[in-house]
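# Architecture and fold: a report
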Amino acid sequence: MKYMGSKAKVARYIVPIIQDHIDRSGFETYLDPFCGGCNIIDKIRAPQRIASDCNKYLIALLQYIQDGGELPGYIEREEYAAVRANRDAYPEWYAGYVGFVCSYNGRFFDGGYSGKTQTTGGLRDYQDEGRRNIEAQRKDLEGVIFLHKDYRAWQPSRCVIYLDPPYEGTKQYKALEPFNHSELWQVARIWSRDNIVLVSEQQAPEDFVPVWIHEVSRTMNQNKTVPATEKLYIAKEVLEREGITPSI
């Protein structure tokens, strides 16, 4: 599913690293507390897969998709504006669909309306692209446990955990409280004592080291992309405990 900060373009690199830790450790639970559009967890193999997020509309939409719910047709600009102005008057899954699929770049009512746009290659229907992405993803979400939950409420044990928080220094959703990055790293330290925690970010404290680095292009709007560097970090403590030497 299209989502701000989605890892869809780099999933082919990140998923094998996560999967290797699942297979190597023998841990049966994979936890994704910032699940977003589920572009990582839908490719992971584990006896138990849990996805959570603090956005209740997102979780309601993912549960609706998982249950085989029928997706809406084309959403006109007027309907988009009505849902945006009073989202609690609509079913949570529907507000989630309109907010993510019909907002540019999956920004949940923060990126502007996204419908049909004339491009040099012809008429492009962003909503249709979003619907088709969801339909292609349905089967891979079977069995995933979806929960509306703040990441700080988890107390995991013997799990492989992937954290993909809002990146420090990048634009965040207006509706959310400012994200505390120092707290995120402290939680990652605590969890790393008896879990394997991997964190996507562009920078990290000294007790975390990158296990993967990749140059990407990040879309800012319909006419602008900027270069960026994606990194996947793990605590030094985990590498020492597992006897793994970083390859980079």
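The preceding data block contains the structure.
Residues numbered from 1 in each chain as written. Predicted model: local features only at pLDDT ≥ 70, side-chain atom pairs only at ≥ 80, totals over all residues. Heavy atoms only, no water.

Following the criterion strictly, the structure yields 16 salt bridges and no others. The partner of Arg152 in a salt bridge is Asp150, and the shortest N-O contact between them spans 2.8 Å. Where Glu183 meets Arg152, a salt bridge forms, and the shortest distance between an N and an O atom there is 3.2 Å. Here Glu183 is found in helix H6 (residues 181-191), whereas its partner Arg152 is found in the loop between strand S5 (145-148) and strand S6 (159-163), with 31 residues between them in sequence. Classification of Arg152 by relative accessible area gives partly exposed; the value is 38%. (Salt bridge = Lys/Arg side-chain N within 4 Å of Asp/Glu carboxyl O. Helix = DSSP H or I, 4+ residues; strand = E, 2+ residues; numbered from the N terminus. Buried < 20%, exposed > 50% of the residue type's maximum accessible area, 1.4 Å probe, protein only.)

Another aspect to go through is the pairing of strand S1 (residues 29-32). Successive side chains on a regular strand alternate, one facing one side of the sheet and the next facing the other. Side chains of S1 alternate between two faces, with Thr29 and Leu31 and Tyr30 and Asp32 buried alike. Relative to strand S2 (residues 48-53), S1 is paired through four bridges, and the arrangement is parallel. Residue pairing across strands places Asp32 opposite Ala51, the latter belonging to S2. When S1 meets S6, the two strands line up parallel, connected through three bridges. If you follow Tyr30 over to S6, its bridge partner there is Val160. (Pairing = 2+ DSSP bridges.)

So far we have only geometry, and geometry alone does not tell us how the molecule works.
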